[in-house]
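One letter stands for each residue in the lines below.
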Amino acid sequence: MSKLTIYDMKGGEVGMFDIADDLLEMSKGRQAVHDVVVACLAGRRSGSASTLSKGEVAGSNKKPWRQKGTGRARAGYRQSPVWRGGAVAFGPRPRDYSVKVNKKVAKLAFKRAFSDRVADGNVRIVEKLTLEEPKTALFVSLLKALGIKKSALFITGDRDKNLILASRNVENVAVVNAMELSAYDLVRYPVVVLSKSGMETVKARLSGKVAEVGNSGVEE
């Protein structure tokens, strides 16, 4: 049984949160985490780079000059890749970079990534992760109260508009909903801060009570 300390907004300890050992995975899953991170980054590529082939470059099919007798190299058309303004040989074309990851691998990657953060001692639970006003100063005060000096990921059970707005001007900090949390998010940020309700949702995902459907946050 792993125990995580629950803090209040001022950094004081107010309780403990228990996580059963069977919800964590440390014996396997490193390759799954790698595959999911690669798939996530690949999916963000637009793949919209495009160049013109010789059939797409504007121009007639008329020879620039006659075949023989001019002393110049023979040329058949002005759309040739060797000409300025002509086509591009073997240039980039629109393509899909997405990589498929099956659900079992995604589940294992999520469990392993979260387990690594727990093992590192970098998971902190806040009883109520909310702000009264959308002010950056209040969010910075929260970071100081929790002793966070590097990049961190804040995970909430419900969307908190004030928290999102207050964190936008703070570098290396992100706020996500627990249902939208991915293995890539857990790998990217060394410190994870969850609201108590967010931790309950993550616990449900670890136990398989909530279906994994990528980052859409939709339950099956």
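Because the structure is a prediction, the values reported are computed rather than measured. Sequence order sets the numbering: in each chain, residues are counted from 1 along the sequence as written. Local features in this predicted model are restricted to residues whose pLDDT is 70 or higher, and side-chain atom pairs enter the listing and the counts only when it is 80 or higher, whereas totals over whole chains, interfaces and linings include all residues. In computing side-chain values, all of the structure's heavy atoms are included and hydrogens and water are not.

K.L.:
What exactly am I supposed to notice about the environment of arginine 44 here?
P.N.:
The residue arginine 44 is located in the loop between helix H1 (30–43) and helix H2 (103–120) in this model. Of the residues examined, arginine 44 reaches a relative accessible area of 52% and is grouped as exposed. Measuring from C-alpha to C-alpha, the distance between arginine 44 and tyrosine 189 comes to 18 Å, with 145 residues separating the pair along the chain. Contact definition: two residues touch when any of their heavy atoms are within 4.5 Å. Setting aside residues no more than four positions away along its own chain, arginine 44 makes contact with Tyr184 and Arg188. Put simply, DSSP marks the helices as runs of H or I at least four residues long and the strands as runs of E at least two long, and each gets a number from the N terminus on. Relative accessible area decides the class of each residue, using a 1.4 Å probe on protein chains only: under 20% of the type maximum gives buried, over 50% gives exposed, and in between gives partly exposed.

K.L.:
Teacher, can you tell me more about the nonpolar core here?
P.N.:
Soluble globular proteins: nonpolar side chains tend toward being buried together. Formed by 33 residues in total, the largest nonpolar core has its most connected members in Ile19, Phe114, Ile155, Leu181, Leu194, Met199 and Val202. With near-sequence residues (within four places) excluded, leucine 194 lies in contact with Phe114, Val123, Arg124, Ile125, Val126, Leu129, Ile155, Met199 and Val202. Take the buried residues of types Ala, Val, Leu, Ile, Met, Phe, Trp, Tyr and Cys, join any two whose side-chain atoms come within 4.5 Å, and each joined set is a nonpolar core.

K.L.:
Can you help me understand the sheet that holds strand E4 (residues 152–156) in this one?
P.N.:
Strand pairs in the sheet, formed through backbone hydrogen bonds, run parallel or antiparallel to each other. What the six strands build is an open sheet, ordered E2-E1-E3-E6-E4-E5; its pairing is mixed. Unpaired on one side and paired on the other, strand E2 (13–19) and strand E5 (173–177) mark the two borders of the sheet. Averaged over all pairs of adjacent strands, the angle between strand axes in this sheet comes to 30°, irrespective of strand direction. DSSP calls a pair of strands paired once it identifies at least 2 bridges connecting them. Direction of pairing for strand E1 (residues 2–7) relative to E2: antiparallel, over a ladder of six bridges. Opposite threonine 5, over in E2, you have methionine 16 as the bridge partner. Most of the contacts of helix H6 (residues 196–207) go to strand E6 (residues 191–195), to which it runs at about 105°, and overall it touches E1, E2, strand E3 (123–126), E4 and E6. Only the stretch in contact is used when a helix axis is fitted, and all axes are lines through C-alpha atoms; the angle between N-to-C directions ranges over 0 to 180 degrees.

K.L.:
Help me out: how do you make sense of the environment of glutamate 133 in this one?
P.N.:
Structurally, the position occupied by glutamate 133 is in the loop between E3 and helix H3 (136–145). For glutamate 133, a relative accessible area of 38% puts it in the partly exposed group. Between the C-alpha atoms of glutamate 133 and glycine 69, which are 64 residues apart in sequence, the distance is 83 Å. Those residues within four positions of glutamate 133 in sequence are excluded, and the remaining contacts are Leu138 and Asn162.

K.L.:
Could you clarify how one ought to interpret the packing of H2 against H6 in this entry?
P.N.:
Any two packed helices are characterised by the angle at which their axes cross and by the distance between the axes. It is at 10 Å that the axes of H2 and H6 come closest, and there the two elements cross at 130°. By the criterion of interaxial angle, the relationship of H2 to H6 is oblique. The element H2 and its partner H6 pack so that their crossing is left-handed. Within the contact between the two elements, H2 uses Phe110, Lys111 and Phe114 and H6 uses Met199, Val202, Arg205 and Leu206. Among the residues making up the contact of H2 with H6, the classes are represented as five nonpolar, no polar and two charged. Should an angle fall under 35 degrees it is called roughly parallel, over 145 degrees roughly antiparallel, and 65 to 115 degrees roughly perpendicular, with every other angle called oblique. Whether a crossing is left-handed or right-handed is set by the direction in which the near helix is turned from the far one by less than a right angle, anticlockwise for left-handed and clockwise for right-handed. Gly is placed with the polar residues, together with every amino acid not listed as nonpolar (Ala, Val, Leu, Ile, Met, Phe, Trp, Tyr, Cys and Pro) or charged (Asp, Glu, Lys and Arg).

K.L.:
Explanation requested: the pattern of salt bridges in the structure shown.
P.N.:
Where charged atoms of side chains with opposite charge meet at close range, the side chains can pair. For salt bridges, the criterion is a side-chain nitrogen of Lys or Arg within 4 Å of an Asp or Glu carboxyl oxygen. Within the structure shown, the criterion is met by five salt bridges. As a salt-bridge pair, aspartate 18 and lysine 3 come within 2.9 Å of each other at their nearest N and O atoms. Of this pair, aspartate 18 sits in strand E2 while lysine 3 sits in strand E1, and the two are 15 residues apart along the sequence. Overall, aspartate 18 belongs to the partly exposed group, its relative accessible area being 33%. For lysine 3, a relative accessible area of 53% gives the class exposed. A salt bridge links lysine 135 to glutamate 133, with the shortest nitrogen-to-oxygen separation between them at 3.7 Å. Take lysine 135: its relative accessible area is 44%, and that puts it in the partly exposed class.

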